[in-house]
Amino acid sequence: MPKIAQLDLRKRCHVVVAVRDDVDMSQVTAALASGADMIELRVDQFSSTSKDHVLNEIARYKDVTTLATIRCEWEGGEWQDSESQRLALYRELLPHVDAVDIELSAGEIVADVIEAAQALKKTVLGSFHNFNATPSPQQLNDILDDGKQRGVDIVKIAAYCQSPQDLKVLTQFTVEHTHENLIVIGMGPYAKASRIFFPLLSSLLTYTFLGVPSAPGQLNCEETL
């Protein structure tokens, strides 16, 4: 059974709220009270990515289920330092969060992040993002297989839908893999509905945000909850 901390992801849809370091805790408290289940700390979007600042920010969420993401630039993030620095920061924050997200394309560090997380019994999301198009069905299957071979706990696929047909491709892929530990997200104007109905098709998590959206077409807390 896929879990993040004590959350059994198969029992129902769980909602993740993406936050930067400028979000007031009263907003976080309100989101959790409204039904959100965990916080995604978008560390790459923090005002500072120094170890002390990041750990101090994480400490604000000590009683909350947390997922930490340090997203690289080539998959839509804002991390601009070296991969060795990114790996070092993952190692520093891993003891203090419940799960981490690392891109499957992060060839230089992905294996080390997975190994470090597994050593601490933390959940690992292996993610893929395409902000321009939806991969073909075969490509989607290859991404899933890649994540499974690397040993991640959950594979997350987020793809831009340029048309209703793209949304159908993601829908069919989700339906065909209902028993996999998988998150599927459509991005863009044709895909907003995916954030609501894909969890009904067994996509494990749906994402919303406080402050600034972290992906095109992402619904805010009020719309999601």
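Now for a description of the structure that goes with this document. (Residues numbered from 1 in each chain as written. Predicted model: local features only at pLDDT ≥ 70, side-chain atom pairs only at ≥ 80, totals over all residues. Heavy atoms only, no water.)

Brief notes about the nonpolar core
Put simply, the rule reads: For this analysis, a nonpolar core means a set of buried residues of the types Ala, Val, Leu, Ile, Met, Phe, Trp, Tyr and Cys, connected via side-chain atoms within 4.5 Å. The buried label goes to any residue with under 20% of its type's maximum accessible area, the exposed label to any with over 50%, and the partly exposed label to all in between, with areas taken from a 1.4 Å probe on protein chains only. Helical segments are the DSSP runs of H or I of at least four residues, strand segments are the runs of E of at least two, and each set is numbered from the N terminus.
In terms of nonpolar packing, the biggest core is built from 52 residues, with Leu41, Leu93 and Val100 touching the most fellow members. The element that contributes the greatest number of residues to this core is helix 4 (residues 110-119), accounting for five residues. Ranked by size, the runner-up nonpolar core spans 16 residues in total, among them Ile4, Leu7, Ile185 and Leu204.

A short note on helix 5 (residues 137-150)
What counts here: Helix span, expected: 1.5 Å multiplied by one less than the number of residues in the helix. Think of the arc as the fan of directions from the helix axis to the C-beta atoms. By definition in these notes, contact holds between two residues if any of their heavy atoms fall within 4.5 Å.
Here helix 5 contains 14 residues, and its C-alpha end-to-end distance of 20 Å stays within 8% of the 20 Å for a straight helix at 1.5 Å per residue. Where helix 5 is concerned, the buried positions are Leu140, Ile143, Leu144 and Gly147. Taken end-on, helix 5 shows its buried residues confined to a sector of 95 degrees, consistent with a single buried face. Those residues of helix 5 that are buried lie in contact with strand 7 (123-130), strand 8 (154-160), helix 6 (164-176) and strand 9 (182-187). After helix 5 finishes, the residue Gly151 shows a positive phi value of roughly 90 degrees.

Describing the pattern of salt bridges
Our working definition: Between Lys or Arg on one side and Asp or Glu on the other, a salt bridge is scored when a side-chain nitrogen of the former is within 4 Å of a carboxyl oxygen of the latter.
Enumeration over the complete set of coordinates arrives at twelve salt bridges. Taking the shortest distance from any N to any O, the salt bridge between Lys148 and Glu180 comes out at 3.1 Å. One end of the pair, Lys148, is in helix 5; the other, Glu180, is in the loop between helix 6 and strand 9, with 32 residues separating them in the sequence. A relative accessible area of 22% means that Glu180 is categorised as partly exposed.

That is the geometry; function is a separate question.
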